[in-house]
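Residues per chain, in single letters:
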Amino acid sequence: MLTQFLKSLVGHKPAEQIDAWLALAKEQRKAGEPREAIATYRKALKAGAPAAETHLQLGVLHAELSEHAAAIDELKKTIELAPDNADAICMLGSVMSDLRRVDEAAALFERALALQPQLSPAHFNLGLARFERADFAGAAASFAHCIALNRGEPWDAVRRADLARDPAPRFTPQDMAVNTIKLRHDCEQLEYLLHLGRLPPAYREVLADYRALLQEIGTVDIDTVVPFDPARHPLVARTYKRPVYIAQVPAPAGPLINPRLDLRAIEERYLAAEPNVAAVDDLLTTEALQALRRFCLESTFWNNIKPGYLGTYFHDGFFSELLLKLAWELRECFPAMFRGLPLQTLWGYKCDCTLPGLGVHADAAAVNVNFWITEDSANLDPGSGGLLVYPQDAPQEWGFAKYNHDPATILGYLDSTSGEPLRVPYRANRAVIFDSDLFHATDRPHFREGYLNRRINITLLYGLRST
């Protein structure tokens, strides 16, 4: 492939050759080949590619591979060439966070925001740095600012009542696209919120507009989204993927992690396992479980459309005092398992009743906590519906795009290395804690229909790969 590429450059002007090198590097990165992309960016740099931007891309790739010294060197070169490059300053802060140099990281994020106040990744990462310094109020403010930039401020009663107002910020056409899974979920959630009295009666017209659009688009493939006409469906257009209702659910008093658990025995079991995997039943107190259920059922933040399920992410709306307290308490309860590793991110996924859920993948972290909160009565197959954890790590040379988004390559690798996965059946309030390098997948959900029966799992990631 490279030989053919080099031949294709013959006769082209230097500027065209540079563009070709840069395009190849982007394709290699997209394909999950970070080392090949690094080599190509270096060739582009030697050929005269814009130095500041190319050093930035090299810094990002080295950071992805946890090559921190090289990442710092490349990012500092960018900043020397372009002192006002907020993206490079923010990325350098992320590397400092990975090295647990939290004060330096926070200062860099603040510097990036002084240059570019609307840089949402800097707000998010500053929130993580503040969280690690136990500045929970500061962390909450940073996360809230990040989410407001992405989705807008949470709507209050006055804003909910004004259905004639166009919302802000504007979303891209891709983000405004719909499919059957998302619309069916939103219809069920609107009906549920109306039943609870969380939304005013005028939202019955909103629900009718969503139902009309659902009928209009018919059945769309689970991995496909389609546009819709906002003039034909104005109430959908003004409320779709907006924080129309975010449940204000305070963290219960006292511990969130079940105090009856034998924490040390769980740690010993995890550390003795090869590979490191432990299932933990009754993870949360009853009060914490109920609070999380309410937060997930009522809040309109399920905005990320996946093949067969919906996601909500830390930076995009999935945030509360309750989640911050849980993330901190997990690490405090299991010090030998988490080893003081920093929180990287968290998310929630909500599955359709019989659709496949998450395919096989690994995550960009050191420790993964995955737990389920939907009632056991929703699960029609008690022997399944949980998680498959394979005994194989993602190869270190693979980039994120390959080990997280390339199921064909992953399955080929798993077939060649053998090893049957560990099956952890679904149970409400059961957690699976494991090495995030391990490949894993949802295990064939078969749940009852109905809004309250949708399978919900919550995931928290700590640390970096192989740390």
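Reading the values: the criteria
Residues numbered from 1 in each chain as written. Predicted model: local features only at pLDDT ≥ 70, side-chain atom pairs only at ≥ 80, totals over all residues. Heavy atoms only, no water. Pairing = 2+ DSSP bridges. Helix = DSSP H or I, 4+ residues; strand = E, 2+ residues; numbered from the N terminus. Axes fitted to C-alpha atoms, helices over the stretch in contact; angles between N-to-C directions. Contact = heavy atoms within 4.5 Å. Parallel < 35°, antiparallel > 145°, perpendicular 65-115°, else oblique. Left-handed = near helix turned anticlockwise from the far one by under 90°. Nonpolar A, V, L, I, M, F, W, Y, C, P; charged D, E, K, R; others polar. Salt bridge = Lys/Arg side-chain N within 4 Å of Asp/Glu carboxyl O. Buried < 20%, exposed > 50% of the residue type's maximum accessible area, 1.4 Å probe, protein only.

Chemist: Could you give an account of the sheet that holds strand 2 (residues 304–306), with specific residues and numbers?
Modeler: Pairing is antiparallel across the open sheet formed by 7 strands, whose spatial order is 1-8-5-10-4-3-2. In this open sheet, the two strands that pair with only one neighbour each are strand 1 (277–280) and strand 2. Sheet twist, expressed as the average angle between the axes of neighbouring strands with direction ignored, equals 20°. Pairing between strand 5 (residues 367–372) and strand 10 (residues 456–462): 6 bridges, direction antiparallel. Note that in strand 10 the partner of Val369 across the bridge is Leu460. Taken strand by strand, helix 16 (residues 321–333) contacts strand 4 (343–351), strand 5 and strand 10, and its axis lies near 55° from that of strand 10.

Chemist: A description of the packing of helix 3 (residues 34–47) against helix 4 (residues 51–64) should follow, citing residues and the corresponding values.
Modeler: The relative placement of two packed helices comes down to the angle between their axes together with the axis-to-axis distance. At a closest axis distance of 10 Å, the pairing of helix 3 and helix 4 adopts a crossing angle of 160°. The orientation of helix 3 with respect to helix 4, classified from their angle, is roughly antiparallel. The two elements helix 3 and helix 4 meet at a crossing, and its hand is left-handed. On helix 4, the residues that touch Pro34, Ala37, Ile38, Tyr41, Arg42 and Leu45 of helix 3 are Ala51, Thr54, His55, Gln57, Leu58, Leu61, His62 and Glu64. Looking at the contact of helix 3 with helix 4 residue by residue, the classes come out as 8 nonpolar, 4 polar and 2 charged.

Chemist: Run through the pattern of salt bridges, naming residues and quoting values.
Modeler: One pass over the structure, following the stated rule, counts 27 salt bridges. For the salt bridge of Lys402 with Glu33, the shortest nitrogen-to-oxygen distance reads 2.4 Å. Residue Lys402 is located in helix 18 (residues 400–405), and its partner Glu33 is located in the loop between helix 2 (14–30) and helix 3; the two are separated by 369 residues in the primary sequence. A relative accessible area of 11% means that Lys402 is categorised as buried. Glu33 sits in the partly exposed class, given a relative accessible area of 24%. In this structure, the salt-bridge partner of Lys241 is Asp175, at a minimum N-O distance of 2.9 Å. Of this pair, Lys241 sits in the loop between helix 13 (234–239) and helix 14 (263–272) while Asp175 sits in the loop between helix 10 (157–161) and helix 11 (180–196); the two residues are 66 residues apart in sequence, bridging distant segments of the chain. Within this structure, Arg151, Asp175, Lys241 and Asp316 form a network of salt bridges that share partners.

Bear in mind that shape data such as this cannot, by itself, settle questions of function.
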